[in-house]
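Examining the three-dimensional arrangement
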Amino acid sequence: MLRLAFYHTDLARDGPGLLLRDLRRGDPQTEAVAAVIAACAPDVLVLSGIDYDADLAALAALNALLEAQGAGYPYLFAAVPNAGRPTGLDLDGNGRRGEARDAQGYGRFAGQGGLAVLARWKLSLSRDLSSLLWRDLPDTLFVDHAGRGGEGARGASVQRLSSSVHWVVEVATEPPLSLLIFHATPPVFDGPEDRNGRRNHDETALWLHLLAGRLGPVPSGPVVLLGDANLDPHDREGRGEALRALLAHPALQDPAPGRGVAGCAPGQGGPAPTVDWPVPGPGALRVSYVLPDRGLQVVAAGVAWPKAGAPLAETVQRASRHRLVWAEVRWPPEARD
């Protein structure tokens, strides 16, 4: 069996080095995140909302917490995201440059709230689509802050599509497994031009184009998409067409994981929400996804959201507003009945 998980950790901090400080001094939230991961024990884990640093010091420190609980990983991967990456332009048109909204993806500093992969097998970056200009995506919905599209739009020649990353990461299992990884921008915090809503849609639509062969070669082996689309396919704000198409894609399958009653037990009656944004936020929504290849047999899946009073319930609540989402597939694929 092979267990794959995605977890938006809420580990992003307001300045560089602060996450590493918190990990080293035993911050309760960081320890809770490690406890949730250790309890679920995925073989391949994708994290989002974790600050990037060039030496992967914060990621290594988190892995040290996992090792202390007998759940460390021998292979770690992260690369600089678009979040906080300067553009040198005043993208939001407020007359100032260098602010969080002027970066390639919203961020107070380069690397804030990035992504990482931890696994029991060697990892390699097969493709990095994070530098693709938004205007260059097929059927793009690109506009600038004033609702202008095309070459005349502000930042058209600079603005990347990915607010964080779009990675294809290969796991050296036998056969190799390709992970399609992303974290889309929220489809809110904009104006009538719906720039963030359009970008959120296109960040998800990128995978539709990739799987159709419109963005270069399609991975030859089995794939699993893991990410935070920052969108519920049926509830609240946002353009859900691309996400619904991805959930129904013939190359993928949606296990529709339910909420586990205790710990990381398989869920029942899904799909369950994966986040609970408190008031005045939108509440409980499904925004994180693990979508295995259609050719893989899913034997179990769940959202780590124990009922109040159940084992791990308080720890899960303390760790993050988001919940770890996992799916277990029969591996190797040839073993499918």
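Up top is the structure these notes are about.
A look at the pairing of strand 1 (residues 2–8)
- Of all seven residues making up strand 1, seven are buried, and the element is well covered by its neighbours.
- With burial as the criterion, each face of strand 1 is covered, one bearing Leu2, Leu4, Phe6 and His8 and the other bearing Arg3, Ala5 and Tyr7.
- With five bridges joining them, strand 1 and strand 13 (residues 325–329) adopt antiparallel strand pairing. Residue pairing for strand 13: Phe6 is matched across the bridge by Val325.
- Here strand 1 runs beside strand 2 (residues 44–50); their pairing, made up of five bridges, is parallel. Bridging from a neighbouring strand, Tyr7 pairs with Leu47 of strand 2.

Focus: the sheet that holds strand 11 (residues 288–292)
- Read across the sheet, five strands follow the order 5-6-7-8-11 without closing on themselves; strand pairing throughout is mixed. Edge strands, defined here as strands with exactly one partner in the open sheet, are strand 5 (123–128) and strand 11. Strand-to-strand twist across the sheet, computed as the mean angle between neighbouring axes with direction ignored, equals 20°.
- Taken together, the six bridges between strand 7 (residues 177–183) and strand 8 (residues 223–228) define a ladder with parallel strand orientation. Residue pairing across strands places Ser178 opposite Val223, the latter belonging to strand 8.
- Sheet strands touched by helix 4 (residues 195–211): strand 5, strand 6 (166–171), strand 7 and strand 8. Its angle to strand 7, the strand with the most contacts, is close to 155°.

What to know about the state of the cysteines
- Under the definition given, this model contains one disulfide.
- The disulfide that involves Cys40 links it to Cys264, with 1.5 Å between the sulfurs. One end of the pair, Cys40, is in helix 2 (residues 28–40); the other, Cys264, is in the loop between helix 5 (241–247) and strand 9 (275–277), with 224 residues separating them in the sequence.
- Judged by relative accessible area, Cys40 falls into the buried class, the value being 2%.

What about the side chain of Asn63?
- Structurally, the position occupied by Asn63 is in helix 3 (residues 57–68).
- Accessibility expressed as a relative area gives 5% for Asn63, which makes it buried.
- At 2.9 Å, the side chain of Asn63 forms a polar contact with the backbone nitrogen of Tyr73.
- Look past the residues within four positions of Asn63 in its chain and what remains in contact with it is Gly72, Tyr73, Leu76 and Leu118.

Some points on the side chain of Ser162
- Along the chain, Ser162 turns up in the loop between strand 5 and strand 6.
- A distance of 2.6 Å separates the side chain of Ser162 from the side chain of His166, its partner in a polar contact.
- Those residues in contact with Ser162 that sit more than four places away from it in its chain are Asn82, Gln104, Leu129, Ser130, Arg199 and Glu203.

Considering the sheet that holds strand 4 (residues 114–119)
- Pairing is mixed in the open sheet, where six strands are placed in the order 3-4-2-1-13-12. Every other strand in the sheet has two partners, leaving strand 3 (75–77) and strand 12 (298–303) as the edge strands with one partner each. Taken over all neighbouring pairs, the strand axes of this sheet differ in orientation by 15° on average, direction set aside.
- In the packing of helix 2 onto the sheet, the strands contacted are strand 1 and strand 2, and the crossing angle to strand 1 comes to about 160°.

What to know about the packing of aromatic side chains
- Enumeration according to the criterion identifies three aromatic pairs in this entry.
- Relative to Trp207, the ring of Phe182 lies with its centre 6.1 Å away and its plane at 70°, an arrangement referred to as edge-to-face. With Phe182 in strand 7 and Trp207 in helix 4, this pair connects stretches of sequence that are 25 residues apart.
- On the accessibility criterion, Phe182 (1% relative accessible area) is buried.

A word on the pattern of salt bridges
- Enumeration over the complete set of coordinates arrives at 15 salt bridges.
- Measuring nitrogen to oxygen at the nearest pair gives 3.5 Å for the salt bridge that ties Asp14 to Arg108. With a gap of 94 residues between them, Asp14 in the loop between strand 1 and helix 1 (18–24) and Arg108 in the loop between strand 3 and strand 4 connect regions that are remote in the sequence. The two residues Asp14 and Arg108 agree in class, both being exposed.
- For Glu151, the salt bridge goes to Arg135, with nearest N and O atoms at 3.0 Å. Highlighted residues: Glu151 in the loop between strand 5 and strand 6 and Arg135 in the loop between strand 5 and strand 6, separated in sequence by 16 residues.
- Overall, the relative accessible area of 64% leaves Glu151 in the exposed class.
- Sharing partners across several salt bridges, the network here consists of Arg13, Arg21, Asp22, Arg25 and Asp27.

Overview of the nonpolar core
- The biggest cluster of nonpolar side chains holds 33 residues, and the ones touching the most others in it are Tyr7, Ile37, Leu45, Leu47, Ile50, Leu62 and Leu324.
- Sorting the residues of this core by element identifies strand 1, helix 1, helix 2, strand 2, helix 3, strand 4 and helix 6 (313–319) as the ones contributing at least two each.
- Apart from residues no more than four positions distant in its own chain, Leu324 is found in contact with Ala5, Phe6, Tyr7, Val36, Ile37, Cys40, Leu45, Gly302, Val303 and Ala304.

Rules and cut-offs
- Residues numbered from 1 in each chain as written.
- Predicted model: local features only at pLDDT ≥ 70, side-chain atom pairs only at ≥ 80, totals over all residues.
- Heavy atoms only, no water.
- Buried < 20%, exposed > 50% of the residue type's maximum accessible area, 1.4 Å probe, protein only.
- Helix = DSSP H or I, 4+ residues; strand = E, 2+ residues; numbered from the N terminus.
- Pairing = 2+ DSSP bridges.
- Axes fitted to C-alpha atoms, helices over the stretch in contact; angles between N-to-C directions.
- Contact = heavy atoms within 4.5 Å.
- Disulfide = S-S within 2.5 Å.
- Polar contact = N/O pair within 3.5 Å; in protein donor to acceptor, adjacent residues only side chain to side chain.
- Phe/Tyr/Trp six-rings, centres within 6.5 Å; stacked < 30°, edge-to-face > 60°.
- Salt bridge = Lys/Arg side-chain N within 4 Å of Asp/Glu carboxyl O.
- Core = buried A, V, L, I, M, F, W, Y, C linked by side-chain atoms within 4.5 Å.

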